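The chain contents come next:
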Amino acid sequence: ETGRVDKAIEYYRHAVRHRPEYATAHRMLGAALVDRGQLNEALGHFRELARLRPSDSHAWQMIGAIYAEQEQFDAALPNFEKALALNGEDANVHYNLANALAHLGRRGDAIKNYTRAVELNPNDLDARNNLGVMLIQNGSKKEATRQFREVLRLRPDDPVAAANLRDAQSEK
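As a convention, each chain's residues are numbered from 1 in the sequence order in which they are written. Given that the model is predicted, a residue must reach a pLDDT of at least 70 before its local features are reported, and side-chain atom pairs must reach 80 or more before they are shown or counted; all residues, however, enter totals for whole chains, interfaces and linings. Heavy atoms throughout the structure, all of them, feed into the side-chain values; hydrogens and water do not.

Asks: What exactly am I supposed to notice about the overall build of the protein chain here?
Replies: When you go through the protein chain residue by residue, the secondary structure sums to 10 helices and 0 strands. A helix here means a DSSP run of H or I that spans at least four residues, while a strand means a run of E at least two residues long, and both kinds are numbered starting from the N terminus. Secondary structure elements of the protein chain occur, N-terminal to C-terminal, as α-α-α-α-α-α-α-α-α-α. Seen along its three principal axes, the alpha-carbon backbone of the protein chain occupies a region of about 60 × 35 × 25 Å. The cut-offs for exposure are 20% and 50% of the maximum accessible area for each residue type, with area from a 1.4 Å probe on protein chains only; residues under the lower value are buried, those over the upper are exposed, and the others partly exposed. For the protein chain, buried positions account for 42% of its 172 residues. Any two residues whose heavy atoms approach within 4.5 Å are treated as being in contact. Within the protein chain, contacts between residues at least 6 apart in sequence are counted, and of these 40% link residues at least 24 apart. Working definition of accessibility: Shrake-Rupley area with a 1.4 Å probe, residue cover restricted to the visible protein chains. As displayed, the protein chain offers around 9300 Å² of accessible surface, 47% of which is attributable to carbon and sulfur atoms. Treating the 24 positive side-chain charges of the protein chain as one cloud and the 24 negative ones as another, the clouds have centres 2 Å apart. Only four residue types enter the charge count, namely Lys and Arg as positive and Asp and Glu as negative; His and the chain termini do not. Where a charge sits is defined by one atom per residue type, namely NZ (Lys), CZ (Arg), CG (Asp) or CD (Glu).

Asks: Which parts of the structure should I look at to understand the packing of helix α9 (residues 141-154) against helix α10 (residues 159-170)?
Replies: The relative placement of two packed helices is expressed as an angle between their axes plus a distance between the axes. At their nearest, the axes of α9 and α10 sit 9 Å apart, and the two run at 155° to each other. By the criterion of interaxial angle, the relationship of α9 to α10 is roughly antiparallel. The element α9 and its partner α10 pack so that their crossing is left-handed. On α10, the residues that touch Lys 141, Thr 145, Phe 148, Arg 149, Val 151 and Leu 152 of α9 are Ala 161, Ala 162, Asn 164, Leu 165, Ala 168 and Gln 169. Grouping the constituent residues of the contact of α9 with α10 by class yields 7 nonpolar, 3 polar and 2 charged. To get an axis, a line is fitted to the C-alpha atoms, and for a helix only the part in contact is used. The angle between two axes follows their N-to-C directions and goes from 0 to 180 degrees. Working rule for angles: under 35 degrees goes down as roughly parallel, over 145 as roughly antiparallel, 65 to 115 as roughly perpendicular, anything else as oblique. Put simply, a crossing is left-handed when the front helix is turned counterclockwise from the back one by less than a right angle, and right-handed when it is turned clockwise. Three classes are used, and their members are as follows: Ala, Val, Leu, Ile, Met, Phe, Trp, Tyr, Cys and Pro are nonpolar, Asp, Glu, Lys and Arg are charged, and the others, Gly among them, are polar.

Asks: What is the right way to read α10 from this model?
Replies: Working note: α-helix, 3.6 residues per turn, so residues spaced by three or four point in the same direction. If you check α10, its first and last C-alpha atoms are 16 Å apart, about what 12 residues at 1.5 Å a residue would give, namely 16 Å. Against the buried residues of α10 lie α8 (125-137) and α9. Helices are assigned an expected span. That span is 1.5 Å times one less than the residue count.

Asks: For this particular structure, what's the right way to read the packing of aromatic side chains?
Replies: For any two aromatic rings, the description comes down to two numbers: the centre-to-centre distance and the angle of the planes. Stacked, edge-to-face and tilted are the three classes for Phe, Tyr and Trp ring pairs, Trp counted by its six-membered ring, which pair at centre distances within 6.5 Å; planes under 30 degrees apart are stacked, over 60 edge-to-face, the rest tilted. Counting across every chain of the model gives 2 aromatic pairs. With centroids separated by 5.0 Å and ring planes inclined at 75°, the aromatic side chains of Tyr 11 and Tyr 12 adopt a geometry described as edge-to-face. Here, a charge over a ring means that NZ of Lys or CZ of Arg falls within 6 Å of the ring centre while also lying within 35 degrees of the ring normal. Over the aromatic face of Tyr 22 sits the side chain of Arg 19, whose NZ or CZ is 4.5 Å from the ring centroid.

Asks: Would you take a moment to explain the side chain of Asp 158 for this structure?
Replies: Along the chain, Asp 158 falls in the loop between α9 and α10. A relative accessible area of 7% places Asp 158 in the buried class. A polar atom in the side chain of Asp 158 sits 2.9 Å from the backbone nitrogen of Val 160. Among all residues touching Asp 158, those that are not within four sequence positions of it are Val 151 and Leu 152. Two N or O atoms form a polar contact when they lie within 3.5 Å of each other; inside protein one atom must be a possible hydrogen donor and the other a possible acceptor, and for residues adjacent in sequence the pair counts only when both atoms belong to side chains.

Asks: It is not clear to me how the side chain of Asp 56 should be interpreted in this structure. Could you clarify?
Replies: By the secondary structure assignment, Asp 56 is in the loop between α3 (39-52) and α4 (57-69). When sequence neighbours within four positions are dropped, the list of residues in contact with Asp 56 reads Arg 27, Leu 49 and Leu 86.

Asks: Mind showing me how you'd approach unusual backbone geometry here?
Replies: Positioned with a positive phi, Glu 71 is a non-glycine residue whose angle comes to about 60°. Considering the arrangement of structural elements, one finds Glu 71 in the loop between α4 and α5 (73-86). A relative accessible area of 62% places Glu 71 in the exposed class.

Asks: Quick question: what am I supposed to make of α5 here?
Replies: For α5, with 14 residues, the first-to-last C-alpha span of 20 Å sits near the 20 Å given by 1.5 Å per residue. Considered for burial, the residues of α5 that qualify are Phe 73, Ala 76, Leu 77, Asn 79, Phe 80, Ala 83 and Leu 84. On its buried side, α5 packs onto α4, α6 (91-103) and α7 (107-120).

Asks: In this structure, what is going on with the packing of α4 against α5? I would like to understand it.
Replies: Their axes nearest at 8 Å, the elements α4 and α5 cross at an angle of 160°. If you check the angle between α4 and α5, you find them roughly antiparallel. Where α4 crosses over α5, the two elements pack in a sense that is left-handed. Of the residues in α5, those in contact with Ser 57, Trp 60, Gln 61, Ile 63, Gly 64, Ala 65, Tyr 67 and Ala 68 of α4 are Phe 73, Ala 75, Ala 76, Asn 79, Phe 80, Lys 82, Ala 83 and Leu 86. Residues that form the contact of α4 with α5 fall into these classes: 11 nonpolar, 4 polar and 1 charged.

Have a look at this one:
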């Protein structure tokens with residue numbers, strides 16, 4: 001697998017050197033570089049993809065995700081918001097935006113986006129669990145308990161949801 005990814009990186013680097021406007025090559029190279037942990041270089045390719053295709057919500061989402069991975073949540077936020085403006089029905093964008101908002105202490109906005117992520121993808125157990133955590137912090141322990149129970153119904157051996165459920169019930 002490592003050899004194949006390295007070959008792909010080499011191929012796409014060659015492609016963008018010779019055809020800088022080749023948006024797909026920037027997308028593929030950016031993704032491969034993220035897999036390799038080369039986030040700064042990947043960020044440059046996703047920025048170029050966004051410049052070439054400003055309506056590509058995935059490009060904006062990846063820019064936001066890289067900033068979030070680097071714990072630059074203020075920088076991540078406008079990119080997730082742009083992705084959301086382009087594709088408001090993408091549960092992953094809502095989830096990633098909610099995570100950034102939570103890190104910035106914007107609990108109400110985070111709850112709104114986690115809730116929308118769960119509405120769009122009811123099986124997103126990470127979104128449900130994070131929603132529950134935000135709901136506890138917001139004083140909505142009954143709703144938080146419901147979210148944690150749903151996670152455990154779908155994934156009975158989830159230790160994080162089990163611990164969160166115990167915390168929510170003990171704080172009643």
